[in-house]
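Examining the three-dimensional arrangement
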Amino acid sequence: MFDLQTMRDQLAAHYDLAPNPELAEKMSAEYARMNRVVTPFDWARHAPYVDAILRLKKERNAVILAHNYMTPEIYHGVSDVVGDSLQLAMEATRVKADVIVQCGVHFMAETSKILSPEKTVLIPDVEAGCSLAESITAEGIAQMRAKYPGAPVVSYVNTTAEVKAASDICCTSSNAAQIVAALEEDTIIMTPDQYLAQNIAREVPQKNIVWWEGSCIVHEQYTPQDLRDFREWNPGTRLIAHPECPPDVVEEADFSGSTAGIIKYVTDEKPEKAMLITECSMASNIADSLPEVDFIGPCNMCPYMKKITLEKILWSLHTMSEEVVVDLEVAEKARVAVQRMLDLSKKLGI
Ligand code: 13P
Ligand code: SF4
């Protein structure tokens, strides 16, 4: 269990982490990327952590791979690469540094370790889990195979290494439809996200898609009535939903895509008003680069993603913990499923 007080005492003994308006002023270039969403007062609190992390990153020859759901001070302040699950996995195969600090959830750190076994992969909080990854085990995959003999198993990257190892190929929300469509078999098992599977089943009607009953606690909360209400209360707003939302929610939206797909859509379209039907940090992270777009709430917070903070990133680099370890045999099998996804994505031009 994480002892916050011990961590704070030890960090205070090594770094000057008091709010620092002068340092904040010096780091105005970094602040410029987030000043629409982070107050000057908060930036004065964040700046000492950002400064310490940037120095330590160099000392340790580390890179920070951050998911699009990280908070703006992480996303804009300390990250080397930001992206959706697919972009982060691709990046993990290219990293030259000795250390990867994964700012995201545990399955993402495991994916980096699987793809870059020779690197030290750190996660700032091991309790950054995922309701989808927790919903299925390798035993669940075996049950699905027994129920649908001969059907290939396509597992979302939001799964543990053991589940990936028991699957035929992985997918993310940005390549799921193309991967499913490219498989030879007519019946395809998709795990563990029932809603992603149902959304893909609509996009790829030629396949008989069967699914595991997992769901994302962030996206399953939206209802189609929410979207109809948002539209009525904010006429002219573009509604953009992540495909982990239930299909009747996606149907009410103007566009659906992975977190990178959502960023691309809003950047290309620049709607006057946009509502992102996904995790809260998404709108915050792109607000400054799109001043012409009015991002209207509400949003849902992922409690797992929000376990990653500047303080814990500094602690992680300071102590070189928590190191992500994947059993070698499991990693070897999981790598086959992840690499198949990456190779097929490349072939399909995704
Ligand atoms: P993408 O970033 O791949 O769209 O996935 C979202 C997600 O599930 C992260 O938790
Ligand atoms: Fe998992 Fe949903 Fe959180 Fe993503 S947003 S980490 S899918 S619980």
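We now turn to the structure provided with this report. (Residues numbered from 1 in each chain as written. Chains lettered and ligands numbered in written order. Predicted model: local features only at pLDDT ≥ 70, side-chain atom pairs only at ≥ 80, totals over all residues. Heavy atoms only, no water.)

**Observations regarding the packing of helix H6 (residues 85–94) against helix H17 (residues 328–347)**
Close contact between H6 and H17 brings their axes to 11 Å; oriented N to C, the two are set at 105°. Comparing the axis directions of H6 and H17 gives the class roughly perpendicular. Along its contact with H6, which presents Leu 86, Ala 89, Met 90 and Thr 93, the element H17 presents Met 341, Leu 342 and Ser 345. Grouping the amino acids of the contact of H6 with H17 by side-chain chemistry returns five nonpolar, two polar and no charged. (Axes fitted to C-alpha atoms, helices over the stretch in contact; angles between N-to-C directions. Helix = DSSP H or I, 4+ residues; strand = E, 2+ residues; numbered from the N terminus. Parallel < 35°, antiparallel > 145°, perpendicular 65-115°, else oblique. Contact = heavy atoms within 4.5 Å. Nonpolar A, V, L, I, M, F, W, Y, C, P; charged D, E, K, R; others polar.)

**Here's the deal with the site of ligand 1**
Taken together, 13 residues lie near ligand 1, and His 67, Ser 85, His 242, Glu 244 and Thr 259 sit nearest. Here an oxygen atom of ligand 1 sits 2.6 Å away from a polar atom, N or O, in the side chain of His 67. Between Glu 244 and ligand 1, the recorded distance is 2.6 Å, taken from a side-chain N or O atom to an oxygen atom. Across the shell around ligand 1, the residue classes tally to four nonpolar, seven polar and two charged. (Near = heavy atom within 4 Å. Polar contact = N/O pair within 3.5 Å; in protein donor to acceptor, adjacent residues only side chain to side chain.)

**Quick look at H17**
Between its terminal C-alpha atoms H17 stretches 28 Å, which fits the 28 Å expected from 20 residues at 1.5 Å a residue. Among all positions in H17, only Val 330, Ala 331, Ala 334, Ala 337, Val 338, Met 341, Leu 342, Leu 344 and Ser 345 are buried. In this structure, the buried side of H17 is in contact with H6, helix H7 (106–115), helix H9 (161–165), strand S6 (169–171) and helix H10 (176–182). Where H17 begins, one side-chain oxygen reaches toward the backbone nitrogen of Glu 329, 3.2 Å away; that side chain belongs to Asp 327. (Expected span 1.5 Å × (residues − 1). Buried < 20%, exposed > 50% of the residue type's maximum accessible area, 1.4 Å probe, protein only.)

**Focus on the state of the cysteines**
This model, assessed by the stated rule, comprises one disulfide. Between Cys 280 and Cys 299 runs a disulfide, and the two sulfur atoms are separated by 2.1 Å. Measuring the twist about the S-S bond at about 100°, one finds the Cys 280-Cys 299 disulfide to be right-handed. Here Cys 280, found in the loop between strand S11 (273–277) and helix H15 (281–287), pairs with Cys 299, found in the loop between strand S12 (294–295) and helix H16 (310–319); they are 19 residues apart in sequence, far enough to count as distant. Assessed through its relative accessible area of 15%, Cys 280 is described here as buried. Residue classification places Cys 299 among the partly exposed residues on the basis of a relative accessible area of 35%. Cys 302 supplies the cysteine sulfur nearest to Cys 103, a cysteine that is in no disulfide, at a spacing of 14 Å. Judged by its relative accessible area of 0%, Cys 103 is buried. (Disulfide = S-S within 2.5 Å.)

**Focus on the side chain of Ser 258**
In this structure, Ser 258 sits in the loop between strand S10 (255–256) and helix H14 (259–269). Of the residues examined, Ser 258 reaches a relative accessible area of 4% and is grouped as buried. With sequence-adjacent residues up to four places away left out, Ser 258 is seen in contact with Asp 84, Ser 173, Ser 174, His 242 and Pro 243.

**Quick notes on the sheet that holds strand S7 (residues 187–191)**
Ordered in space as S6-S5-S7-S8, the four strands form an open sheet in which the pairing is parallel. Each edge of the open sheet carries a strand with a single partner, namely S6 and strand S8 (208–211). Between one strand axis and the next, the sheet turns through 30° on average, direction left out of account. (Pairing = 2+ DSSP bridges.)

**What to know about the sheet that holds strand S4 (residues 120–122)**
Strands sit in the order S2-S1-S3-S4 across an open sheet of four strands; the sheet is parallel. Sheet topology places strand S2 (81–83) and S4 at the edges, where each strand pairs with a single neighbour. Going from strand to strand, the sheet's axes swing by 20° on average, the running direction of each strand aside. With three bridges joining them, strand S3 (residues 99–103) and S4 adopt parallel strand pairing. If you follow Val 99 over to S4, its bridge partner there is Thr 120. Packing against the sheet, H6 makes contact with strand S1 (62–67), S2 and S3, and its axis sits at approximately 145° to S2.

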